[in-house]
Amino acid sequence: MHVKTLILGGGMAGLSTAYHLKESGLTDYLVVEKEQKVGGLCRSIYKDGFIFDYGGHLLHLHTQYGKGVIKKLLQNNLNCISRKAWIYADNYRVPFPFQSNLYALPSHVRDKCIEGLLKISGSQKGVSPQNFEEWCISSFGEGIYKVFMYPYNRKLWGCEPKDLTCDWCGKFVPAPSMCEIKESAIMKPCKKYGYNSSFYYPKHGGCEAVIEALTKSVSQILVDTEISQIDLRKRKVFADGAVLSYDYLVNTLPLSRFLYMLQSSPLTLYAEKLRSQDITVFLIAIKGNRQPFSWIYFPNKEDPFFRVGMQSSFSSNNAPSGCYSYYVEMPGGITPSILMEKRIIQVLSKYNLINDSDEILFSIWEHIPNAYVIYDSYRSHIVKKVLKDLESFYCYCAGRYGMWEYSFMERALIQGKEVAEKIINNSTKVPSEAIL
């Protein structure tokens, strides 16, 4: 079987590529997905009137194009939600982001944070941080770093912050000015910080509603088909005994896994250098009532999870009346067990997220591989080189996994558009054999 454009992976980025190709009149494509349905991690679980996503999946729309496409796809099936997020640490609760809400801290903790901030005031000019630890300390001071930034990020990434670069954090870690941080020790800020201060979510169908809308415009999809090998030179993909040839290849699979599948290619040597952190997610459905919130961060080492999101708060259709639901995110090394379930519920009760009058209806475990790409000293150089070399074979990557980056849904949507445009611009050319 031969297609002009072969797309590996039926998640947001892969379907977006197909969608934009079709919108431009190029219909000779095929999306190949190993699962029995498309969506990747942008899928939802439906059980007993509850809807759960694969971890927290929210639409952070920051471009006119992204907003336009999502509104075109979902039309009236879309809510705009203001973030309600906190940090629970020790015996205090602080609104997110921590660094702009010091007023909510106990006085001895607040004083420690301000002391660290004063030490760096005016002393770091012209000094470029070399890693995430240095970036945090130069931005917020040692007090904020030790109280929140270090324990939370150590827990999230599974490695020391000093072993992470800081080329990812500008978009994702709110960085108020020193003046704004100092003022937040006195009063609650009026300004909202962070790329996720508001977000969108489907009214019906969970995050999978986005995928369902996309697939209405994407017809050539082959599911339940797993890729085993890829020959870039001959432009062939081997999948479950079939051979698929192509002119253009689009990869949205995890870049490390994709590289391992390449036949006789020196690029496979880079695969083992690409590191990531898996996460384990515990979904829990509860009969009872609770004030809605978006999510809460848990930096304490003794708490098994680093974040809890209230799935039922994103849409009234995510849980039956008189019920609520959580997704509980933990490091990937956590092993699902009855003992761990009891521990999770015990800690949720400690923070009054569950009480004795609530009835736990059911729970579900999820494992998400490659959830967070590790931005170590190797990543930037390797990814840049690999993507450039792949493009010489008319192979393009898209999505947080294909690009091996920390990202969000809108970016995957736009990357699919950008890859489609590259193929459209090259469509008059006949791909020639490249040499690595």
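Scroll up a little and you will see the structure.
Definitions and cut-offs
Residues numbered from 1 in each chain as written. Predicted model: local features only at pLDDT ≥ 70, side-chain atom pairs only at ≥ 80, totals over all residues. Heavy atoms only, no water. Pairing = 2+ DSSP bridges. Helix = DSSP H or I, 4+ residues; strand = E, 2+ residues; numbered from the N terminus. Axes fitted to C-alpha atoms, helices over the stretch in contact; angles between N-to-C directions. Phe/Tyr/Trp six-rings, centres within 6.5 Å; stacked < 30°, edge-to-face > 60°. Buried < 20%, exposed > 50% of the residue type's maximum accessible area, 1.4 Å probe, protein only. Patch = residues over 30% accessible without salt bridge, like charges linked within 9 Å, V, L, I, M, F, W, Y side chains within 5 Å. Areas by Shrake-Rupley, 256 points an atom, 1.4 Å probe, with all protein chains shown as cover. Salt bridge = Lys/Arg side-chain N within 4 Å of Asp/Glu carboxyl O. Lys, Arg positive; Asp, Glu negative; His and termini not counted. Charge placed at Lys NZ, Arg CZ, Asp CG, Glu CD. Disulfide = S-S within 2.5 Å. Contact = heavy atoms within 4.5 Å. Polar contact = N/O pair within 3.5 Å; in protein donor to acceptor, adjacent residues only side chain to side chain.

Caption draft 1: Looking closely at the sheet that holds strand S15 (residues 307-310). Overall, mixed pairing links the seven strands, which are arranged S7-S6-S14-S15-S16-S13-S17 in an open sheet. At either margin of the open sheet sits one strand with a lone partner, and together these are strand S7 (92-95) and strand S17 (359-373). For this sheet the average axis-to-axis angle between neighbouring strands, irrespective of direction, equals 20°. As paired elements, strand S13 (residues 276-287) and S17 share 11 bridges and run antiparallel to each other. The residue bridging Val281 from the neighbouring strand is Glu366, located in S17.

Caption draft 2: Broad picture of the packing of aromatic side chains. If you walk through the whole model with that rule in mind, you get 35 aromatic pairs. Taking 5.7 Å as the distance between ring centres and 85° as the angle between the ring planes, the aromatic pair formed by Trp157 and Tyr406 counts as edge-to-face. Of the two residues, Trp157 sits in helix H5 (residues 142-157) while Tyr406 sits in the loop between helix H12 (399-402) and helix H13 (409-426), which places them 249 residues apart along the sequence. A residue is classified by how much of its surface remains accessible, and Trp157, at 2% relative accessible area, is buried. For Tyr406, a relative accessible area of 15% translates into the label buried. Their ring planes at 85° and their centres at 5.2 Å tell us that Phe172 and Tyr195 sit as a pair that is edge-to-face. Remark: Tyr195 occurs in the loop between helix H7 (178-184) and strand S8 (198-201) and Phe172 occurs in helix H6 (residues 169-172); sequence separation between them is 23 residues. Taking the relative accessible area as the measure of exposure, Phe172 reaches 10% and is therefore buried. Each member of the aromatic cluster is reached from another via a ring pair, and the members are Phe132, Trp135, Phe140, Trp157, Trp168, Phe172, Tyr195, Tyr372, Tyr375, Tyr406 and Phe408.

Caption draft 3: Region of the structure containing a negative patch on the surface. Taken together, the side chains of Glu35, Asp224, Glu226 and Asp240 make up a negatively charged region of the molecular surface. On the secondary structure map, Glu226 appears in the loop between strand S9 (221-222) and strand S10 (227-231).

Caption draft 4: Region of the structure containing the state of the cysteines. If you walk through the whole model with that rule in mind, you get zero disulfides. Cysteine Cys42 shares no disulfide, and the gap to the nearest cysteine sulfur, in Cys207, comes to 3.8 Å. Cys42 gets classed as buried once you look at its relative accessible area, which sits at 4%. This cysteine, Cys136, is not joined by any disulfide, and Cys169 carries the nearest cysteine sulfur, 6.7 Å off.

Caption draft 5: Inspection of helix H8 (residues 208-215) at higher detail. For H8, a buried count of six out of eight residues is recorded, marking the element as mostly surrounded by other parts of the structure. The set of residues buried in H8 consists of Glu208, Ala209, Val210, Ile211, Ala213 and Leu214.

Caption draft 6: Structural detail: the environment of Thr5. Checked against the element boundaries, Thr5 lands in strand S1 (residues 2-8). Between the alpha carbons of Thr5 and Tyr394 there is a distance of 9.9 Å; along the sequence they are 389 residues apart. Each residue touching Thr5, except ones within four places of it in the same chain, is listed here: Leu21, Asp28, Tyr29, Leu30, Tyr248, Val250 and Ile423.

Caption draft 7: Structural detail: the side chain of Glu405. For Glu405, the location among the structural elements is in the loop between H12 and H13. A relative accessible area of 8% means that Glu405 is categorised as buried. A polar contact is formed between the side chain of Glu405 and the side chain of Gln415, at a distance of 2.9 Å. Those residues within four positions of Glu405 in sequence are excluded, and the remaining contacts are Val373, Tyr375, Arg379, Arg400, Arg411 and Gln415.

Caption draft 8: Representation of the pairing of strand S6 (residues 85-89) in the model. Counted residue by residue, S6 has five buried out of five residues, so it is predominantly covered. Here S6 shows no split at all, with Ala85, Ile87 and Ala89 on one side and Trp86 and Tyr88 on the other all buried. Pairing of S6 with strand S14 (residues 295-297), which is carried by three bridges, proceeds in the parallel orientation. Paired with Trp86 across the bridge in S14 is Ile296. Pairing geometry for S6 and S7, over four bridges, is antiparallel. Bridge pairing in S7 places Ile87 opposite Val94. Counting the residues in the hairpin turn of S6 and S7 gives two residues, including Asp90, whose phi is positive at 55°.

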